[in-house]
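Below, each chain spelled out in residue letters.
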Amino acid sequence: MKLPYSIHSDHLRLSVRLTPNAGRDQVDGVEINANDEAHLKAKVTAVPEKGKANKALIALLAKAVGVPKSSISVISGDTARQKVLRIDGDPKDLAEKVEALLTR
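The structure contained in this document is the topic of the report that follows. (Residues numbered from 1 in each chain as written. Predicted model: local features only at pLDDT ≥ 70, side-chain atom pairs only at ≥ 80, totals over all residues. Heavy atoms only, no water.)

### Observations concerning the overall build of the protein chain
So, step 1. Assigned secondary structure in the protein chain consists of 2 helices and 6 strands.
So, step 2. Listing the helices and strands of the protein chain from first to last along the sequence gives β-β-β-β-α-β-β-α.
So, step 3. In terms of overall dimensions, the protein chain is globule-like: its C-alpha atoms have a radius of gyration of 12 Å, near the 13 Å expected for 104 residues.
So, step 4. Taking all 104 residues of the protein chain together, 38% fall into the buried category.
So, step 5. Residue pairs at least 24 apart in sequence account for 54% of intrachain contacts in the protein chain once pairs closer than 6 positions are excluded.
So, step 6. Entry remark: accessible area of the protein chain is about 5,900 Å², with carbon and sulfur atoms responsible for 48%.
So, step 7. Charged side chains of the protein chain number 17 positive and 13 negative; the gap between the two group centres comes to 7 Å. (Helix = DSSP H or I, 4+ residues; strand = E, 2+ residues; numbered from the N terminus. Rg over C-alpha atoms; globule rule 2.2 N^0.38 Å. Buried < 20%, exposed > 50% of the residue type's maximum accessible area, 1.4 Å probe, protein only. Contact = heavy atoms within 4.5 Å. Areas by Shrake-Rupley, 256 points an atom, 1.4 Å probe, with all protein chains shown as cover. Lys, Arg positive; Asp, Glu negative; His and termini not counted. Charge placed at Lys NZ, Arg CZ, Asp CG, Glu CD.)

### Quick word on helix α2 (residues 91–102)
Count 3.6 residues to each turn of an α-helix, and residues three or four apart come out pointing the same way.
So, step 1. Given a rise of 1.5 Å per residue, 12 residues ought to cover 16 Å, and the 16 Å separating the end C-alpha atoms of α2 matches this to within 8%.
So, step 2. Listed as buried for α2 are Pro91, Leu94, Ala95, Val98, Leu101 and Leu102. What you see down the axis of α2 is that its buried residues fit within an arc of 115 degrees, all on one side. The exposed residues of α2 that point more than 90 degrees off its buried face are Lys92 and Glu96.
So, step 3. On the buried face of α2, the contacting elements are β1 (5–7), β2 (11–19), β3 (26–32), β4 (38–43), α1 (52–65) and β6 (82–88). (Expected span 1.5 Å × (residues − 1). Arc of directions from axis to C-beta.)

### Looking at the side chain of Ser15
So, step 1. Counting through the fold element by element, Ser15 comes out in strand β2.
So, step 2. Residue classification places Ser15 among the buried positions, given a relative accessible area of 19%.
So, step 3. Not counting the four nearest positions on each side in its chain, Ser15 is found in contact with Pro4, Ala38, His39, Leu40, Lys83 and Val84.

### Some points on the environment of Arg13
So, step 1. By the secondary structure assignment, Arg13 is in strand β2.
So, step 2. For the pair formed by Arg13 and Asp25, sequence separation is 12 residues and the distance between their alpha carbons is 21 Å.
So, step 3. When neighbours within four sequence positions are excluded, Arg13 is seen to be in contact with Pro4, Tyr5, Ser6, His8, Ile75, Val84 and Leu85.
So, step 4. A distance of 3.3 Å separates a polar atom in the side chain of Arg13 from a polar atom in the side chain of His11. (Polar contact = N/O pair within 3.5 Å; in protein donor to acceptor, adjacent residues only side chain to side chain.)

### Description of the packing of α1 against α2
So, step 1. Direction vectors running N to C along α1 and α2 enclose 105 degrees, while the axes themselves pass 9 Å from each other. Viewed along their axes, α1 and α2 adopt a mutual orientation that is roughly perpendicular. The segment α1 lies against α2, with Leu61, Ala64 and Val65 engaging Leu94, Lys97, Val98 and Leu101.
So, step 2. Its residues placed into classes, the contact of α1 with α2 shows 6 nonpolar, no polar and 1 charged. (Axes fitted to C-alpha atoms, helices over the stretch in contact; angles between N-to-C directions. Parallel < 35°, antiparallel > 145°, perpendicular 65-115°, else oblique. Nonpolar A, V, L, I, M, F, W, Y, C, P; charged D, E, K, R; others polar.)

Below, the structure is given as structure tokens:
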């Protein structure tokens, strides 16, 4: 199975496909896009204006992975559905937590 993240020395980079304005906040597995890249599917109830959906995504993932919101940042795709997030911390520990999300 392709994984939606890459491990770096002091952080994890996570590819996400965000659906704003959803019925509820949830992580919804992995999706492979047309370029054969894996993305974590996430849904948030927030609307995609003034960064509200991004803030909701960061809050959702921080709670799910067990890290402070301040350790997650959007490094690309700020206004797009496809995003790359940086999660600071021990990359191996973070990888295990993200994989646990994928198997729910």
